[in-house]
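Here is what each chain is made of, one letter per residue.
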Amino acid sequence: MKMKWLRRWSRILHRDIGYFFIGTSIIYGLSGIALNHLHDWNPSYNVVQKRFTTELDLNKGASKETVKQLVADEGKRFSYKSHYYPEGNIIKVFLRGGSTLLVNTETGQGMAEFLRKRAVFYEVNYLHYNPNAWWMWFSDIFAGALIFLSITSFFMIKGKKGAWGRGGVYIAIGFIIPIVFLLIFS
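It should be emphasised that the depicted structure is a prediction, and the values quoted were computed from it without experimental measurement.

> Tell me what's going on with the sheet that holds strand 1 (residues 45–53), and back it up with residues and numbers.
Backbone-to-backbone hydrogen bonds join strands into a sheet, with any given pair of strands oriented parallel or antiparallel. The strand order 1-5-4-3-2 describes an open sheet built from 5 strands, whose pairing is antiparallel. Both edges of this open sheet fall to strand 1 and strand 2 (80–87), since each of them pairs with a single strand only. Adjacent strand axes in the sheet meet at a mean angle of 15°, parallel and antiparallel pairs treated alike. The pairing of strand 1 with strand 5 (residues 109–117) spans 9 bridges and is classified as antiparallel. Of the residues in strand 5, the one forming a bridge with V47 is L115.

Listed below in structure tokens is the structure:
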């Protein structure tokens, strides 16, 4: 009788909590895949490079207004943030939003790097990094729910397909793979 009650409530809670966290699971799944491949791409931003030439005099001591004119010519929709000279004949201009302009002051040759947020991935990665205390608490509740969902799955199905049968084999494999990985690679 006791197991019947436990099995029934495990199914009900597993189902309802699972439904509630479907969106959050998709968010963390997408961002997890994206963040696993940081060495292949920037999942939050698309970096667009553009070469250009300018006639402006940007040698050391160039006025802020001259640098802002460069931004107006090349940065288009971005606004000036600051600039400095990392080398004698190179000026680096920072734009709001993380974009930059790099110009050789002798030749006028430049390279613009514009950062554009990737649709969907920027947002899900932002949430994955726990941007504030409210989201941190929500993600902690989500993590606890995942543990709860894992535990209740033990009691949902009985017999040879349950945790003491075929399901138990999957459970064991699910524990063995990370343990073997840790033993080999850590």
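That was the structure; now back to the text.
> Explain the nonpolar core residue by residue, including any values.
Counting residues in hydrophobic clusters, the biggest one holds 16 residues, and the most contacted among them are L70, I91, V93, L95 and L101. Contributions of two or more residues to this core are made by helix 3 (64–75), strand 2, strand 3 (90–95), strand 4 (100–104) and strand 5. Among residues more than four places away in sequence, those in contact with I91 are L58, V67, H83, Y84, Y85, P86, L101, L102, V103 and T105. F21, W135, F142 and A145 belong to the second largest nonpolar core, which has 5 residues in total.

> With reference to specific residues and values, describe the pattern of salt bridges.
Per the counting criterion, the structure on display carries 2 salt bridges. Two residues, R15 and D16, come together in a salt bridge whose shortest N-O distance is 2.8 Å. A residue is classified by how much of its surface remains accessible, and R15, at 43% relative accessible area, is partly exposed. In this structure, E74 and K50 form a salt bridge, with 3.2 Å as the shortest nitrogen-oxygen distance. Placement of E74 in helix 3 and of K50 in strand 1 is noted, with a sequence separation of 24 residues between them. Exposure remark for K50: the relative accessible area of 30% places this residue in the partly exposed category.

Cut-offs used in this document
Residues numbered from 1 in each chain as written. Predicted model: local features only at pLDDT ≥ 70, side-chain atom pairs only at ≥ 80, totals over all residues. Heavy atoms only, no water. Pairing = 2+ DSSP bridges. Helix = DSSP H or I, 4+ residues; strand = E, 2+ residues; numbered from the N terminus. Axes fitted to C-alpha atoms, helices over the stretch in contact; angles between N-to-C directions. Core = buried A, V, L, I, M, F, W, Y, C linked by side-chain atoms within 4.5 Å. Buried < 20%, exposed > 50% of the residue type's maximum accessible area, 1.4 Å probe, protein only. Contact = heavy atoms within 4.5 Å. Salt bridge = Lys/Arg side-chain N within 4 Å of Asp/Glu carboxyl O.

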